[in-house]
Structures are given as structure tokens and as C-alpha cells.
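# Inside the fold
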Amino acid sequence: MKKFLALLLLLPSFAFAQQYTRATIRHRADSFLLAYTRHDILQHSKWVTGTGVNSIYTYTNRKGKLKYTMLPWEDSTYTTGNFAGVKVWYEVTYPYPKCAIADTIRTHIIIDLDGQLELNHTPDISVIPDYVWENDSCKGSR
């Protein structure tokens, strides 16, 4: 009987069990960025989710309404409510000395995650020039 009562008391906490820490979100987003790019590009990517619009995630509250709020500042703090999704922004500043006219690639890549921290859609990596993927000089590229 005591076990049943304890389970009954814990039941409301299971209803909103889909919460994540900032560190978990970052780890998952980093793994997707690495899957679509290369390790050296990930090393030159800065996670800019932390200021302004770049730090907002969505969740549903107890009444089922979709809400928006800031990601927790601490890596170990959990998100609020039932996590619905987040867009993680990466600022890429990739040095590329093989190209004299464009020796640094500066762009943003967005990883859009759903409530289960899976990709909503493929990230747009077309912002990184083909000559970088081919590890070639930029001569003849436009």
C-alpha cells in the first residue's frame, strides 16, 4: 500500500518529465552539427544560444498552452514545463588559409530541435562554400 501511495504522489512529476538541462541540449545540438559538418568546423563554431532571441525555447505549460522562455543560464538547471523545442544557433568563424580572398568563413548554422531533441529538419550547411568541403583553393569558385 505504501508503494502505491508513493507512486501516486510521484505521478504528477512524471507528467512533465520531458525537461532537459542546458548541457543536454548543447550536447545533442553539437552532435547533430558534427554529423552534418566536420570536427574542425565544430571546433570553430561558437554556441551563441545565450543572449536575446538565440536563447528562447518553447514548452507547454500544465494547461497545455505553448509558451516561450529563455534557456536556463546554468548547465545543470532544467527547462520549464513540457519541452517542445529549441533552435540552437552556431556562429561559425572558420579560418581557411587556402583562399586569399576569403581566408575566413563567417556564417551561422541553426540546429532546430523538437521536444525529444531530434532534428526538425536538416540544417542549412550550404552557407559553407564547396571549396571548403573539397579542401581546395577558391580559384575558379564563385
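This text goes with the structure placed above it.
Here's what I pulled together on the structure shown here. Since the model is a prediction, treat every value here as computed from it, not as a measurement. (Residues numbered from 1 in each chain as written. Predicted model: local features only at pLDDT ≥ 70, side-chain atom pairs only at ≥ 80, totals over all residues. Heavy atoms only, no water.)

What the protein contains, in helices and strands, is four helices and five strands. Listing each helix as α and each strand as β along the protein from the N terminus yields α-α-α-β-β-β-β-β-α. Within the protein, contacts between residues separated by at least 24 positions form 59% of all contacts whose residues are at least 6 apart in sequence. Carbon and sulfur atoms provide 56% of the accessible area of the protein, an area that totals close to 9,200 Å². (Helix = DSSP H or I, 4+ residues; strand = E, 2+ residues; numbered from the N terminus. Contact = heavy atoms within 4.5 Å. Areas by Shrake-Rupley, 256 points an atom, 1.4 Å probe, with all protein chains shown as cover.)

A few words now on the side chain of T79. Relative to the elements of secondary structure, T79 occurs in the loop between β3 (66-70) and β4 (82-95). Note on T79: relative accessible area 3%, which makes it buried. In contact with T79, other than residues within four places in its own chain, are Q19, Y20, I25, Y57, L71 and P72. (Buried < 20%, exposed > 50% of the residue type's maximum accessible area, 1.4 Å probe, protein only.)

Turning to the state of the cysteines, a few remarks are in order. Enumeration over the complete set of coordinates arrives at one disulfide. Here C99 is linked by a disulfide to C138, with a sulfur-sulfur distance of 1.9 Å. The S-S bond linking C99 to C138 shows a torsion near 85°; that makes this disulfide right-handed. Taken together, the positions of C99 in the loop between β4 and β5 (104-114) and C138 in the segment after α4 (130-133) put the pair 39 residues apart, joining distant regions of the chain. (Disulfide = S-S within 2.5 Å.)

Looking now at the nonpolar core. Of all hydrophobic cores here, the largest spans 28 residues; its most connected members are I25, V86, V88, I111 and L113. Of all elements in the fold, only α2 (22-36), α3 (39-43), β2 (56-60), β4, β5 and α4 reach the threshold of two or more residues within this core. For this core, the element with the highest residue contribution is β4, accounting for six residues. Dropping the residues within four chain positions of it, I25 is found in contact with Y20, W47, L71, T79, F83, V86, V88, L113 and L117. (Core = buried A, V, L, I, M, F, W, Y, C linked by side-chain atoms within 4.5 Å.)

Taken together, I56, L66, Y68, M70 and W73 make up a surface patch of nonpolar side chains, about 570 Å² in accessible area. At three residues, β3 tops the list of elements feeding residues into the nonpolar patch. Mapping L66 onto the fold places it in strand β3. Using a relative accessible area of 47% as the deciding quantity, one classes L66 as partly exposed. (Patch = residues over 30% accessible without salt bridge, like charges linked within 9 Å, V, L, I, M, F, W, Y side chains within 5 Å. Salt bridge = Lys/Arg side-chain N within 4 Å of Asp/Glu carboxyl O.)

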